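Spelled out from the first residue to the last, the chains are:
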Amino acid sequence: GGIITQTPKFLIGQEGQKLTLKCQQNFNHDTMYWYRQDSGKGLRLIYYSITENDLQKGDLSEGYDASREKKSSFSLTVTSAQKNEMAVFLCASRDWGTLYFGSGTRLTVL
Amino acid sequence: GEQVEQLPSILRVQEGSSASINCSYEDSASNYFPWYKQEPGENPKLIIDIRSNMERKQIQELIVLLDKKAKRFSLHITDTQPGDSAMYFCAASQGGSAKLIFGEGTKLTVSS
């Protein structure tokens, strides 16, 4: 079986700071995703990528950049952290239909 | 883009009864509809899915129904148990696209 590793698990930033979240998968899946989940809420799509060097915007892409330099990794950058922002960012890779999620990065902005 | 509406947001049922969650979508080109379960502190996991060439699918106590004309799909959990308590998310994906849009989620509580 494979695994999706997200780093860091917890990220504390300052307002206006640029923050990068990383995701690695060893499933050898082509498609990867970044979702944002606010407390008790649904998953909102930020970016997805169907192959190395491909980037596709989701509905929540404003304020974020993404990078897929290798098939196994997909990183997300918060371009300017918003004060009091708190959310969990979930990375996933896809095998045919099924999404396999990482454990998430919990972001807090002071 | 595709929007997925999910209702209810909160659902409380007694152990042994059935629970139903309903979702609707906008894009008639959507052809794949998975359901994910997320337990507290865990990441979401696929529990059942249905493609547009089917109207009904059952895995043990889970039943999904798809009405393409009405652009609605639903999850039914029969004989609920306390272990079914969790957040449930529906999602929809367009044909030929990897874009997968989730609903807002339903918090299911099964009381004994």
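Below you will find a few notes about this structure. Keep in mind the model is a prediction, meaning the values are calculated, not measured.

## Remarks on the state of the cysteines
Under the definition given, this model contains two disulfides over all chains. Here A:Cys23 engages in a disulfide with A:Cys91; their sulfurs sit 1.9 Å apart. Taking the torsion about the S-S bond as the criterion, the A:Cys23 to A:Cys91 disulfide, at about -75°, is left-handed. Here A:Cys91 lies in strand S9 (residues 86-95) and A:Cys23 lies in strand S3 (residues 19-25), a separation of 68 residues in the sequence. We classify A:Cys23 as buried; its relative accessible area is 1%. With a sulfur-sulfur separation of 2.0 Å, B:Cys23 is cross-linked through a disulfide to B:Cys90. Across the disulfide from B:Cys23 to B:Cys90, rotation about the S-S bond amounts to roughly -100°, and the bridge is consequently left-handed. Of this pair, B:Cys23 sits in strand S3 (residues 19-25) while B:Cys90 sits in strand S9 (residues 86-94), and the two are 67 residues apart along the sequence.

## Topic: the layout of surface pockets
Any empty space left between the atoms is revealed when a probe the size of a water molecule rolls over them. In this model, the largest pocket occupies a volume close to 690 Å³. Forming the boundary of the largest pocket are 29 residues, of which A:Gln37, A:Val88, A:Arg106, B:Gln38 and B:Gly41 lie nearest the centre. If you list the elements that add at least two residues to the lining of the largest pocket, you get S9 and strand S11 (105-109) of chain A together with S9 and strand S11 (106-111) of chain B. With four residues, S9(A) is the single largest residue contributor to the lining of the largest pocket. Taken together, the residues that form the lining of the largest pocket break down as ten nonpolar, eleven polar and eight charged. When its volume is computed, the second largest pocket comes out at roughly 250 Å³.

## Some words on the sheet that holds strand S1 (residues 4-7) of chain A
All names here are of chain A. Reading across the sheet, the four strands line up as S1-S3-S8-S7 and stay open at both edges, with antiparallel pairing between neighbours. Each edge of the open sheet is held by one strand with a lone partner, namely S1 and strand S7 (64-70). Across the sheet, the mean angle from the axis of one strand to that of its neighbour is 15°, orientation sign disregarded. Bridge analysis of S1 against S3 gives four bridges, and the strand direction is antiparallel. Along S3, the bridge assignment pairs Thr-7 with Lys-22.

Basis of the calculations
- Residues numbered from 1 in each chain as written.
- Chains lettered and ligands numbered in written order.
- Predicted model: local features only at pLDDT ≥ 70, side-chain atom pairs only at ≥ 80, totals over all residues.
- Heavy atoms only, no water.
- Disulfide = S-S within 2.5 Å.
- Helix = DSSP H or I, 4+ residues; strand = E, 2+ residues; numbered from the N terminus.
- Buried < 20%, exposed > 50% of the residue type's maximum accessible area, 1.4 Å probe, protein only.
- 1 Å grid on protein atoms, 1.4 Å probe; cavity = no way out; pocket = protein on both sides within 12 Å on 5 of 7 lines; lining within 4 Å.
- Points joined across faces, edges and corners; volume = space filled by probe spheres on them.
- Nonpolar A, V, L, I, M, F, W, Y, C, P; charged D, E, K, R; others polar.
- Pairing = 2+ DSSP bridges.
- Axes fitted to C-alpha atoms, helices over the stretch in contact; angles between N-to-C directions.

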